[in-house]
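# Structure assessment
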Amino acid sequence: MTSRRSHAHLRPSPETSSQPLPGTARELFDALPQLPGLRTEIIDGRLIVSPLGTPEHARIAMRLYRALLPLIEEKEWDGFSGNVDVCVDGPRDPIVPDFVLAQVDCPRWGARELLSSGLLMVAEIVSPGSVIDDRDRKPDIYASGGVPVMLLIDPVATPATVTVLSDPKEGAYRTSTRVEMGSHLHIPEPVDFTLDTSIFATAQGTV
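The structure reproduced in this document is the subject of the present report. Values in this document were obtained by computation on a predicted structure and should not be read as measured data.

## Examining the sheet that holds strand β4 (residues 86-87)
- An order of β5-β4-β8-β7 is seen for the four strands of this open sheet, with the pairing classed as mixed. This sheet does not close on itself; its edge strands, each paired only once, are β5 (94-95) and β7 (108-109).

Rendered as structure tokens:
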């Protein structure tokens, strides 16, 4: 298993001027220093650096975590509400879901990144600046990486919706169930949990 490289200096110096510059988005990602307050990921070959979400965005993620907490404790799983790097099996691209559900022994790519094929579920919360990536691009990325279930919480839709995608095959989820926010939604195996999506309705504000 290959670990992320130690951070390189992007400004040439006598010591680094002879070293090749990053040639791929992944190499550039590995060369970046830590960027506090920013989310860095690769989506369809593009290195994306974006600000972290609003308090309302974080509130929705925390409400999902609290709803799943009894199940997390019963199954002895790990739940992360943001700021967890995931490495997509295959292209090894890094991506940062808004929520991650995983086994405690989920395999990793290096020290920081959980391997997507070892996850139980990811969730994305759509914001005005992430509509295309969250709705159109990330589902195929997670499906191709072997994530069994994706939850898409979409407070910017009219009306607001929550969608569960499952049964990934050949880079796409074959099963999709969408409800209006406020309804109950069953999340299939391996999660097997009925979520009351009304918990998100009062958390929206400006996501």
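## Looking at unusual backbone geometry
- Put simply, T158 and P159 share a cis peptide bond, and its omega is -5°.
- Residue E189 is joined to P190 through a cis peptide bond whose omega torsion reads 10°.
- In this fold, P190 is placed in the loop between β13 (184-187) and β14 (193-196).
- The phi angle at E76 is positive, at roughly 60°, despite the residue not being glycine.

## Focus on the pattern of salt bridges
- Within the structure shown, the criterion is met by eleven salt bridges.
- With its nearest N and O atoms 2.9 Å apart, the salt bridge here joins R39 to D98. Within this pair, whereas R39 is found in strand β1 (residues 38-43), its partner D98 is found in the loop between β5 and β6 (99-103), the two being separated by 59 residues in sequence.
- Across the salt bridge formed by R137 and D44, the nearest N and O atoms sit 3.6 Å from each other. With R137 in helix α3 (residues 131-144) and D44 in the loop between β1 and β2 (46-51), this pair connects stretches of sequence that are 93 residues apart.
- Here the salt bridges share partners, and the residues they tie into one network are E41, E124, D134 and K138.

## Concerning the environment of A31
- Of note, A31 is situated in helix α1 (residues 25-31).
- Residue A31 is classed as buried on the basis of its relative accessible area of 1%.
- Spatially, the C-alpha atom of A31 lies 9.4 Å from that of L21, the residues being ten residues apart in sequence.

## With respect to α3
- With 14 residues, α3 should reach 20 Å at 1.5 Å per residue; the first-to-last C-alpha distance of 20 Å fits that figure.
- The sharpest bend along α3 measures roughly 45° and falls at R137, with the proline P139 sitting one to four residues further on.
- For α3, the full list of buried residues reads D133, D134, K138, P139, I141, Y142 and A143.
- A positive phi of about 85° marks G146, the residue just after α3.

The rules behind these values
- Each residue is numbered by its place in its chain's sequence as written, counting from 1.
- This being a predicted model, a pLDDT of at least 70 is required before a residue's local features are given, and a value of 80 or more before pairs of side-chain atoms are given or counted; all residues contribute to the totals for chains, interfaces and linings.
- Only heavy atoms go into the side-chain values, all of them from the structure, while hydrogens and water stay out.
- Note: two strands are recorded as paired if DSSP finds a minimum of 2 bridges between them.
- The helix count covers DSSP runs of H or I at least four residues long, the strand count covers runs of E at least two residues long, and both are numbered beginning at the N terminus.
- Any Lys or Arg side-chain nitrogen located within 4 Å of an Asp or Glu carboxyl oxygen qualifies as a salt bridge.
- Buried residues are those whose accessible area, probed at 1.4 Å on protein chains only, stays under 20% of the maximum for their type, while exposed residues exceed 50% and partly exposed ones sit between those limits.
- Take the residue count of a helix, subtract one, and multiply by 1.5 Å to get its expected span.
- The angle between axes fitted to the seven residues ending at a residue and the seven residues starting there is what we call the bend at that residue.

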